[in-house]
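Observations on the three-dimensional arrangement
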Amino acid sequence: MRRMLTHLRNIGFPLKKDKPESTLSNTMGLLAKKGKLSIVKRGVGRMGTIYQWKGAVQQPDKAVPAAEPDQPADGQEKEAAD
């Protein structure tokens, strides 16, 4: 959760409270209940729960176009059938 909080602060997301950890924790828990996140490891004590986003995550600066069905994905040329 610290990474998410750091990311939100870095992008300038308006955080209303002095300590938004509890709000973020509740939000992540609700997203897990709705099926948007999966719980990778449940937190105990001071260790927070680790979540993973379900579904495809695509970042615009790192997006890789999918290979077309008739072209190999590794960049090698397809053998010609005679």
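Scroll up to find the structure this text is about.
Parameters at a glance
Residues numbered from 1 in each chain as written. Predicted model: local features only at pLDDT ≥ 70, side-chain atom pairs only at ≥ 80, totals over all residues. Heavy atoms only, no water. Helix = DSSP H or I, 4+ residues; strand = E, 2+ residues; numbered from the N terminus. Contact = heavy atoms within 4.5 Å. 1 Å grid on protein atoms, 1.4 Å probe; cavity = no way out; pocket = protein on both sides within 12 Å on 5 of 7 lines; lining within 4 Å. Points joined across faces, edges and corners; volume = space filled by probe spheres on them. Nonpolar A, V, L, I, M, F, W, Y, C, P; charged D, E, K, R; others polar. Core = buried A, V, L, I, M, F, W, Y, C linked by side-chain atoms within 4.5 Å. Buried < 20%, exposed > 50% of the residue type's maximum accessible area, 1.4 Å probe, protein only.

What follows deals with the overall build of the protein chain. For the protein chain, the count of helices and strands is 2 helices and 2 strands. In sequence order, the secondary structure elements of the protein chain are arranged as α-α-β-β. Of all intrachain contacts in the protein chain linking residues separated by at least 6 positions in sequence, the fraction that spans at least 24 positions is 6%.

Attention now moves to the environment of Met 1. Structurally, Met 1 is set in the segment before helix 1 (2-10). Separated by 47 residues in the primary sequence, Met 1 and Gly 48 place their C-alpha atoms 6.6 Å from one another. When near neighbours in sequence (up to four residues on either side) are disregarded, Met 1 contacts Glu 21, Leu 24 and Ser 25.

Attention now moves to the layout of surface pockets. Over the atoms, a rolling probe the size of a water molecule traces out where space has been left empty. Each pocket or cavity is described by its volume, and for the largest pocket that value is around 880 Å³. Along the walls of the largest pocket sit 22 residues, with Met 1, Arg 2, Arg 3, Met 4 and Met 28 positioned nearest its centre. Residue assignment for the lining of the largest pocket shows that the elements contributing at least two residues are helix 1, helix 2 (21-33) and strand 2 (50-53). The element contributing the most residues to the lining of the largest pocket is helix 1, with 6 residues. Tallied by class, the residues present in the lining of the largest pocket amount to 12 nonpolar, 6 polar and 4 charged.

Residues Leu 5, Leu 8, Leu 24, Met 28 and Leu 37 constitute the largest nonpolar core, which totals 5 residues. Breaking this core down by element, the ones donating at least two residues are helix 1 and helix 2. In this structure, Leu 24 is in contact with Met 1, Met 4, Leu 5 and Leu 8, ignoring residues within four places of it in sequence.

Geometric values such as these leave the question of function open.
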